[in-house]
Structure formats: structure tokens, C-alpha cells
Amino acid sequence: MVRIDLETGAVEDRLELKGRNPIGLMDQVGSQLYLADAGSWQENDPAKTGAAIEVVDTASFTSKVLVNDVTLGGHAVQVSVTDGCGVAVVAGAYDAGSLTSLIRFDPESGTVPTGGPLIPTTTGFDINGLAWLDGRILLVGDRSSTSGGYPIHVFDKGAPCALTERKTPLLALLPPVGIFALH
């Protein structure tokens, strides 16, 4: 990662990331920039992929692994964070059936609560697109077709990071690629 002076275009500093292959959009809360590091897709041992949820402190320009590849159990492909609550889309290896699931994590400690994923593991790369609306409603795209369209799961956030899915998802006409919540 490089820090660039926007006035001059000069590279001010370089930072070697701890994880491998950042993918998707980065998400910033204060001076913390959260990245989904997908790691190596050719490596099937979760302890060796380099997959992680990584945090870059933009003030000190340092980074740390917040949630490691073993805890993830797969490849982090998307991350979204709001005050006190983070979620990530985690994908399995290509040769493992291209599975995806949605996990939550504490953006300060990196702790992943027990109880399994928020959305059960899918049969393909179906979970795609994360967005927080006003920091209290989470929207999650789902590319698996149902009658009437493609679901957008809606979760209400309780304190500190309790997420309760609404019974009825929103339906999109096309498979979601990404979600952006307008305020």
C-alpha cells in the first residue's frame, strides 16, 4: 500500500501489508482502514493462505491482522464495518465448491462470536455486496435466485453487534454485485 500526496502526486510512504491479495472495497472508520485479504486461492490449508481481515491505521501508517485465516476458515472477500460491529463475506477455495458465508467480528478485538455464520454457507459465490445504512441496518446481497428476484438480506443491529435478520428480504431484479446505501 502506498500513501500519496494528492497535491504533488508524490509517493510519501510504502507499507507492506500483513495479509495477501486485498480484494473488494476497503472500509474506513475513523483512522482505521479495514481490508479483506483474500490470500492465495491455490492454497487449501487455511493456516497458509494469507487470508485475513487486516486493519491499516492511517495516522501511523501501520497495519495488523485483525482476524486471521484460521479463524475465518476461508478467504475474506468483502468487509464492512460500523461503530462496534464488522461483517465479512468469507469464501471457500474454488475446488471446495465455491462456498460463501457471512460472519461478524468485533472491529476492535477481532473476536468472531460463536454460533456460526449469519447467513449459512451457500453452494456458490452467492453472498456479494455489503452496506450499512446509518450504522444500524445491514444490507447483504445474495446472488442465489428465488422466485421473484434476488434477495437482499436485511439485518437490524442491536448493541453492541447483535444482528437480527428480518423475515422478508428485499428483492432485486438482477443479481447484486455490490450495494451502496444512500442516506
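Coordinates for the structure precede this section.
Since the model is a prediction, treat every value here as computed from it, not as a measurement.

1. Describing the sheet that holds strand β5 (residues 52-57)
Then comes step 1: If you trace the four strands from one edge of the open sheet to the other, you get β3-β4-β5-β6, paired in antiparallel fashion. Each edge of the open sheet is held by one strand with a lone partner, namely β3 (22-29) and β6 (62-68). With direction set aside, neighbouring strand axes in the sheet form an average angle of 25 degrees.
Then comes step 2: Here β3 pairs with strand β4 (residues 32-37) via five bridges, running antiparallel.

2. Focus: the environment of Y34
Then comes step 1: Mapped onto the elements, Y34 comes out in strand β4.
Then comes step 2: Separated by 103 residues in the primary sequence, Y34 and I137 have C-alpha atoms spaced 19 Å apart.
Then comes step 3: Among the polar contacts listed, one links the side chain of Y34 to the backbone oxygen of P107, at a separation of 3.1 Å.

3. Focus: the packing of aromatic side chains
Then comes step 1: A complete count under the given rule lists one aromatic pair for this structure.
Then comes step 2: Relative to F125, the ring of W41 lies with its centre 6.2 Å away and its plane at 85 degrees, an arrangement referred to as edge-to-face. With W41 in the loop between β4 and β5 and F125 in the loop between β9 (100-105) and β10 (127-133), this residue pair connects regions lying 84 residues apart in the sequence.
Then comes step 3: According to the relative accessible area criterion, F125 is partly exposed, its value standing at 31%.

4. A closer look at the side chain of E54
Then comes step 1: By the element assignment, E54 lies in strand β5.
Then comes step 2: K18 is the oppositely charged side chain nearest to the buried, salt-bridge-free E54, at an N-O distance of 6.4 Å.
Then comes step 3: Sequence-distant contacts of E54, that is, excluding residues within four places in its chain, are made with L17, K18, G19, L33, Y34, L35, D37, S63, K64, V65 and L66.

Quick notes on the rules
Residues numbered from 1 in each chain as written. Predicted model: local features only at pLDDT ≥ 70, side-chain atom pairs only at ≥ 80, totals over all residues. Heavy atoms only, no water. Pairing = 2+ DSSP bridges. Helix = DSSP H or I, 4+ residues; strand = E, 2+ residues; numbered from the N terminus. Axes fitted to C-alpha atoms, helices over the stretch in contact; angles between N-to-C directions. Polar contact = N/O pair within 3.5 Å; in protein donor to acceptor, adjacent residues only side chain to side chain. Phe/Tyr/Trp six-rings, centres within 6.5 Å; stacked < 30°, edge-to-face > 60°. Buried < 20%, exposed > 50% of the residue type's maximum accessible area, 1.4 Å probe, protein only. Lys, Arg positive; Asp, Glu negative; His and termini not counted. Salt bridge = Lys/Arg side-chain N within 4 Å of Asp/Glu carboxyl O. Contact = heavy atoms within 4.5 Å.

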